[in-house]
Amino acid sequence: MTVTEDHIETQLEVQPETLTSVQAQSPTPAQADAQVETALQALLQACVQNIRNANLVMIEKAFRFCVNAHSRDLRASGEPYYTHAVEVAIIVAREVRLDDVSVAAALLHDVVEDTDFSVKDVKEEFGEDVANIVDGVTKITDVFKSHEVRQAASYRKLLLSMVNDVRVILVKFADRLHNMRTLQYLKPEKQQRIARETLDIYAPFAHRFGLGSIKWELEDLSFKYLNREAYDQIKNALSTKRNERGDYIEAFAKPIKERLLEHGLQCEISGRAKHLYSIYNKMLKRDKSLDEIYDLFAVRIILDTENVNECFVAYGIASDIYTPVPERFKNYISVPKKNGYQSLHTTVIGPGGKKVEVQIRTRKMHEISERGVAAHFIYKERTNGNYTEDKELEEWANWVREIFDNAGDDAPEQLIESFKLNLFQEEIYLFTPKGDLRILPKGSTPVDFAFDIHGRVGYHCIGAKVNGKIIPLNYQLQSGDQVEILTSKNQTPSKDWERFVITHKAKSSIRKYLNEDKRRRIAEGKEIWERRLKKLEVRSLNEEDMDRIAQTLKYANKSELFLALGAGGLDVDNVGKIAEERFSGNPAARKAAQQAAQQQALPQLPPATDEASTFDKFTNRARSEAANGITLLGEGKTPILYSYARCCNPVPGDDIVGIVTVGSGIKIHRRACKNVRMMMDSAMRPRITDVEWSAADRQDFLAAIRITGEDRTAMLSDITSAIVSFNNTNIRGVNIDSFDSMFEGVVTVYVKNTEHLERLFLKLKKIKGVKSVERFEE
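Described below are features of the structure shown in this document. The shown structure was predicted, so the numbers you read here are calculated from the model rather than taken from an experiment. Within any chain, residue numbers begin from 1 and follow the written order of that chain's sequence. Residues qualify for local features only when their pLDDT is at least 70, as the model is predicted, and side-chain atom pairs are given and counted only at 80 or more; totals for whole chains, interfaces and linings, by contrast, use all residues. Side-chain numbers come from the whole structure's heavy atoms, not from hydrogens or water.

Regarding the packing of helix 1 (residues 29-50) against helix 2 (residues 56-69)
This is how the line gets drawn: Angular values range over 0 to 180 degrees, each being the angle between N-to-C directions of two axes fitted as lines to C-alpha atoms, with helices fitted over their stretch in contact. Each helix is a run of DSSP H or I of at least 4 residues and each strand a run of E of at least 2, with the numbering of both proceeding from the N terminus. Each crossing gets its handedness from the near helix: less than a right angle anticlockwise from the far helix is left-handed, clockwise is right-handed. The contact criterion used throughout is that any non-hydrogen atoms of two residues lie within 4.5 Å. Gly is put with the polar residues, along with every residue not named as nonpolar or charged; the nonpolar set is Ala, Val, Leu, Ile, Met, Phe, Trp, Tyr, Cys and Pro, and the charged set is Asp, Glu, Lys and Arg.
Running from amino to carboxyl end, helix 1 crosses helix 2 at an angle of 145 degrees, the nearest separation of the two axes being 11 Å. Helix 1 and helix 2 meet at a crossing whose hand is right-handed. Taking contact as the criterion, the partners of Val 36, Glu 37, Ala 39, Leu 40, Leu 43, Leu 44, Cys 47 and Val 48 in helix 1 are, on helix 2, Leu 56, Ile 59, Glu 60, Phe 63, Arg 64 and Val 67. Residues belonging to the contact of helix 1 with helix 2 are distributed by class as follows: 11 nonpolar, no polar and 3 charged.

Topic: helix 2
Threshold: Here the expected length of a helix is defined as 1.5 Å per residue gap, with one fewer gap than residues.
For helix 2, spanning 14 residues, the distance from its first C-alpha to its last is 20 Å, which sits close to the expected 20 Å at 1.5 Å a residue. The inward-facing, buried residues of helix 2 contact helix 1, strand 2 (73-75), helix 3 (82-96), helix 4 (100-107), helix 5 (111-114) and helix 6 (119-126).

Considering the sheet that holds strand 23 (residues 770-775)
Formally: The pairing criterion for strands is at least two bridges between them, as found by DSSP.
The 4 strands lie next to each other as 21-22-20-23, forming an open sheet whose pairing is antiparallel. The open sheet has two free edges, formed respectively by strand 21 (731-739) and strand 23, since each of these has just one partner strand. Between one strand axis and the next, the sheet turns through 15 degrees on average, direction left out of account. When strand 21 meets strand 22 (residues 742-751), the two strands line up antiparallel, connected through 8 bridges. Its bridge partner being in strand 22, Gly 733 is matched across the sheet by Thr 748. Strand contacts of helix 30 (residues 754-765): strand 20 (701-710), strand 22 and strand 23, with the helix running at about 170 degrees to strand 23, the strand carrying the most contacts.

Re the sheet that holds strand 13 (residues 483-487)
Across a sheet, strands are paired by hydrogen bonds formed along the backbone, either parallel or antiparallel in direction. Spatially, 12-11-13 is the arrangement adopted by the 3 strands of the open sheet, whose pairing is antiparallel. In this open sheet, the two strands that pair with only one neighbour each are strand 12 (469-471) and strand 13. In this sheet, adjacent strand axes meet at a mean angle of 35 degrees when their direction is disregarded. As defined by bridge partners, strand 11 (residues 461-466) adjoins strand 13 across 5 bridges and the pair is classed as antiparallel. Counted as the bridge partner of Cys 461 is Thr 487 from strand 13.

Things to note about the pattern of salt bridges
To keep things clear, this is the line we draw: Salt bridge, as used here: a side-chain nitrogen of Lys or Arg that lies within 4 Å of a carboxyl oxygen of Asp or Glu. Buried residues are those whose accessible area, probed at 1.4 Å on protein chains only, stays under 20% of the maximum for their type, while exposed residues exceed 50% and partly exposed ones sit between those limits.
For the structure on display, the rule yields 35 salt bridges. One salt bridge in this structure joins Arg 181 and Glu 217, with 2.7 Å as the shortest N-O distance. Taken together, the residues Arg 181 in helix 9 (residues 167-181) and Glu 217 in helix 11 (residues 212-226) connect sequence positions 36 residues apart. Across the pair Arg 228 and Asp 232 runs a salt bridge whose closest N-O atoms are separated by 3.2 Å. In this pair, Arg 228 and Asp 232 both sit in helix 12 (residues 228-240), 4 residues apart, roughly one turn of the helix. Asp 232 gets classed as partly exposed once you look at its relative accessible area, which sits at 28%. Counted as one network, the salt bridges with shared partners bring together Asp 517, Arg 520, Arg 521 and Glu 524.

Observations regarding the pairing of strand 7 (residues 344-349)
With 5 of 6 residues buried, strand 7 is to be regarded as a mostly interior element. Pairing of strand 5 (residues 323-324) with strand 7, which is carried by 2 bridges, proceeds in the antiparallel orientation. Within the sheet, the bridge partner assigned to Thr 323 lies in strand 7 and is Ile 349. Relative to strand 7, strand 6 (residues 330-331) is paired through 2 bridges, and the arrangement is antiparallel.

Description of unusual backbone geometry
At Asn 53, a residue that is not glycine, the phi angle is positive and equals roughly 55 degrees. By the secondary structure assignment, Asn 53 is in the loop between helix 1 and helix 2. Judged by relative accessible area, which is 72%, Asn 53 ranks as exposed. Although it is not a glycine, Asn 728 sits at a positive phi angle of roughly 55 degrees. Tracing the backbone through its elements, the reader meets Asn 728 in the loop between helix 29 (715-725) and strand 21. Relative accessible area serves as the criterion here: at 48%, Asn 728 is assigned to the partly exposed category.

Overview of the packing of aromatic side chains
Threshold: Two rings from Phe, Tyr or Trp (for Trp, the six-membered ring) form a pair when their centres sit within 6.5 Å of each other. Planes less than 30 degrees apart are called stacked, planes more than 60 degrees apart edge-to-face, and all others tilted. Both a distance and an angle decide whether a charge sits over a ring: NZ of Lys or CZ of Arg must be within 6 Å of the ring centre and within 35 degrees of the ring normal.
Evaluated as defined, the whole model comprises 14 aromatic pairs. Each ring, one from Phe 65 and one from Phe 117, has its centre 4.7 Å from the other, and the planes form 50 degrees; the classification is tilted. Of this pair, Phe 65 sits in helix 2 while Phe 117 sits in the loop between helix 5 and helix 6, placing them 52 residues apart in sequence. On the basis of an interplanar angle of 45 degrees and a centroid distance of 4.8 Å, the ring pair of Tyr 315 and Phe 329 is categorised as tilted. Placement of the pair is Tyr 315 in helix 15 (residues 309-321) and Phe 329 in the loop between strand 5 and strand 6, with a sequence separation of 14 residues. Put simply, the rings of Phe 223, Tyr 231, Tyr 277 and Tyr 280 pair up and form one aromatic cluster. Sitting above the plane of the Phe 126 ring, Lys 61 keeps its charged end 5.2 Å from the centroid.

Looking at the nonpolar core
Which entries qualify depends on this criterion: Take the buried residues of types Ala, Val, Leu, Ile, Met, Phe, Trp, Tyr and Cys, join any two whose side-chain atoms come within 4.5 Å, and each joined set is a nonpolar core.
In this structure, Leu 43, Phe 63, Val 103, Leu 107, Leu 108, Val 130 and Phe 173 are the most contacted members of the largest nonpolar core, which totals 68 residues. Among the elements that make up this core, the one with the highest residue count is helix 3 (10 residues). Residues within four places of Phe 173 in sequence aside, it is in contact with Tyr 202, Phe 205, Ala 206, Phe 209 and Leu 211. Residues Ile 656, Val 660, Phe 726 and Phe 761 belong to the second largest nonpolar core, which totals 35 residues.

Considerations on the environment of Leu 565
Structurally, Leu 565 is set in helix 24 (residues 558-567). Each C-alpha atom of the pair Leu 565 and Glu 527 lies 9.4 Å from the other, and the pair is 38 residues apart in sequence. Beyond its immediate stretch of four places on either side in the chain, Leu 565 contacts Gly 525, Ile 528, Trp 529, Leu 570, Asp 571, Val 572 and Val 575.

Notes on the pairing of strand 8 (residues 355-362)
Counting buried positions along strand 8 gives 7 out of 8 residues, so the element sits mostly inside the fold. Across 6 bridges, strand 7 lies against strand 8 in antiparallel orientation. Among the inter-strand pairings, Val 348 is bridged to a residue of strand 8, identified as Val 356. The hairpin formed by strand 7 and strand 8 contains 5 residues between the paired strands, and Gly 352 there has a positive phi angle of roughly 75 degrees.

Pasting the structure below:
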């Protein structure tokens, strides 16, 4: 005979209909048979009372199968093992109120795990739906263990089960709830582990599914085993005041009920039990004693109506009789929680000056608040035997699906941490300029909000306004904010965004764009090279040849080489000369290419301290480099290999100088750049050389503009409109912050030259409220 410890204990307060009154002592065969029949009748009665059109024949068959399969097993309590499965099935029927298929699956949920029967056996006896639920529950038995993660496949199985049939997770909740109710038979260390696991994973997960009653009980039972002293203290204190609270609430509710009846509203008003763990957390959070927690007095008004507006009528009546506390009003009817919860919350000053927390809801809202996703469990059988779920049920499944999609190929340990993080994320409620509601995790930024609206809005987001004020893109939004996203067709996601966005949708969308952009640039670079290759006198080049060329130019491989070509960071002529030097079939062409390569090759600067000598060597070899835009001054005007410094973003018309760098040609700076001024006064001065703009350059240049002014409504819109309206100037990015009644920010734009930039300055200075406009330098 086997004794199992995986499935546990008895309820704190035993309901007369449940089976926990079964004696642990060994019964006679006749007594055992009588107990089996009593258990069956209790189960069937729960199904008849709570499940419409329940297939009692199937349920009895599953019951008999369960009793037979577990006939040799005992629980840690000494009870026959089948009693656990029956209790779980009764919870499914009475407290979660699912269907007969779920009840049958609950009866069989441990058969595959703990006996010799297989999923195939269950399928042959009870059909595919029951077998799938049993299989799902079996695979995820240990999936949420916070101290250990066993197999990544279990997580994938959970995902597939959730997507295909939400009943898997609901049966699992019932299983865990009965385990927690019967925890006292295990050793203290195992009680602690299971209680912690329940508090960390199952309770918040039940909250996400809107299973209020199960969530509260799981928390209180976990609290009992994790902090028994505090649990007993609060429980005893509440017990001594139970009659006092009952009398007070009855007196409080009487005038409200009378007024509601006068308005033709049938209702149920009752004291709402405050849960021990919730009270304990409030005591800690507010640093108050039990007597100071005012919402120990809590009332729930449940209206028998389909008209949700009647809830506001009831609120008006309650507020007319008792003085409301305005800041304590919350409207979860117009703005439901993400788990579907709807109710009006308020706090009023009741008799004797005591604060009373009041919840007002319809009967349907109450069902959803207690049973959450199970209350939306509406399966409609089609002709092909499949089932369909309602929209709200699908939202819960989508939430779980998104968590696991986000995991990708993460290790199991990383996946459970991500899962727990999502479980505990608080939500904030945000509004679009048109008043549409968006619910995002706490800590979300305007970029998260933009991607939540639509991927295209996120891709082109250049700035945002919150409640009419300009804010930076990394600003953390607050509940109640009205958010307006400003877009530009030229804006694209930045790698910097990945550092501050928190939603899965934003992160994955940004990564997807950056990866696609890299692939696009590699393809463009490859195309540029293939066009140039047709004009070269070289033999056919294979992949190994291209990798050798890439390594010669200090790139890891040919893909990085093509990326540099596509991004404009490398001149294709340089690549062509290297190819001719190494692979030309024409000796004369190869010799010419070698001579050209020797002249243009950029040396690594040696450690020698003679800076003047170093510069001479560099400039001598750079004389023949062809490049548009910049020429080196000296003996004639020689094109050079160069790039523009990001610290000062020079544009044509600026007074510029060049700085010789190691391996990257010459960096072009504005002469007024602070980095140049620092080098003028240091040993690095010999690296500075005179350069000038070439008339041949016609490209656009990036420039940064710092703007300050008064923070007013439509300021950001006026700024972007002024820029775009002049020569259709493209905006690359906007980063603006506000403080008090002022704003300061940087706008990066593409311009042709300094004249273009100066014209933008003039237009921006004419905007009402703008105080200063100047070039920005990092």
